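Here are the chains, one letter per residue:
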Amino acid sequence: MPDEAMTEETNTIAPMGMADMANYIGVPFGPSPWITVTQKMIDEFADATGDHAWFHTDPERAKRELPYGDSIAHGLFTLSLTVKMMGEMVRSQGQGRALNYGYDKVRFLAPVVTGSRIRMRGEVVGAEPKPDGGVVIRMRMTVEIEGGDKPALVMDWMEIGWPA
């Protein structure tokens, strides 16, 4: 791993491009800054997706009927927040191009209760060259809940990158 590519104060990695991420296998990065998950954010996600299940959008009922004391975020909303968190941990120098290649082994292990703070950590765990010159980078990502015993989410995130 290039020395100048890791920023100690934020533990952010700065590859020259996504294809350069292959040089970071085994290197943990993060955590991202904390994000507070609000009811407004959950409601806006519910409006965007049409998923208005009461345990997401009715805090009063959730307080009465759920063991968590409040409503909970959609698992897919938590997953969508990983894009923001990733952008705060990986600072590509912009050489080459990259696209989201997909997710593997996505698991929602603990609910994100409204008002919780979450953040993400990652580690590059693999790189697979493709015939077109691209490289699929596999990153193991964990979304933590502040004060939680279990992570909210674990997954393998894959990006494909091509050199400039």
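Residues numbered from 1 in each chain as written. Predicted model: local features only at pLDDT ≥ 70, side-chain atom pairs only at ≥ 80, totals over all residues. Heavy atoms only, no water.

Engineer: Hey, could you run me through helix 1 (residues 39-49) in this one?
Structural biologist: Residue pairs spaced three or four apart in an α-helix point in one direction, given the helix's 3.6 residues per turn. Taken as a whole, helix 1 has its buried residues at Gln-39, Ile-42, Phe-45 and Ala-46. Taken end-on, helix 1 shows its buried residues confined to a sector of 125 degrees, consistent with a single buried face. In helix 1, the exposed positions angled more than 90 degrees off the buried face are occupied by Lys-40, Asp-47 and Ala-48. At its buried positions, helix 1 is contacted by helix 2 (54-57), helix 3 (59-65) and helix 4 (75-87). Two residues or fewer past helix 1, Gly-50 is found with a positive phi of approximately 80 degrees. (Buried < 20%, exposed > 50% of the residue type's maximum accessible area, 1.4 Å probe, protein only. Helix = DSSP H or I, 4+ residues; strand = E, 2+ residues; numbered from the N terminus. Arc of directions from axis to C-beta. Contact = heavy atoms within 4.5 Å.)

Engineer: Looking at this structure, how should I read unusual backbone geometry?
Structural biologist: Leaving glycine out, the prevailing phi sign among residues is negative, and the prevailing peptide bond configuration is trans. Of note, the bond from Gly-30 into Pro-31 is cis; its omega dihedral lies within 30 degrees of zero at 10 degrees. By the element assignment, Pro-31 lies in the loop between strand 3 (28-29) and strand 4 (35-36). The backbone phi angle of Lys-105 is positive, close to 55 degrees, even though this residue is not glycine. Tracing the backbone through its elements, the reader meets Lys-105 in strand 5 (residues 97-108).

Engineer: Sorry if this is basic, but what is going on with the pattern of salt bridges here?
Structural biologist: Taken as a whole and assessed by the stated rule, the structure comprises 11 salt bridges. For Glu-144, the salt bridge is made with Arg-119, and the minimal N-O distance between the two is 2.8 Å. You can see Glu-144 sitting in strand 7 (residues 135-145) and its partner Arg-119 sitting in strand 6 (residues 117-129), a full 25 residues away along the chain. No difference in accessibility class separates Glu-144 from Arg-119, as the two residues are buried. We note a salt bridge from Arg-140 to Asp-156, for which the minimum N-O separation is 2.3 Å. Linking Arg-140 in strand 7 with Asp-156 in strand 8 (residues 153-162), this pair joins segments that are 16 residues apart in sequence. Look at the salt bridges and you will find they share partners, linking Asp-104, Arg-138, Arg-140 and Asp-156 into a network. (Salt bridge = Lys/Arg side-chain N within 4 Å of Asp/Glu carboxyl O.)

Engineer: Can you help me understand the confidence of the model for the protein in this one?
Structural biologist: Looking at the protein, the pLDDT average stands at 89 and 87% of residues meet or exceed 70. This model gives residues 1-9 a pLDDT under 50, and the stretch forms 16 contacts once residues within four places in sequence are excluded. (pLDDT = per-residue confidence, 0-100.)

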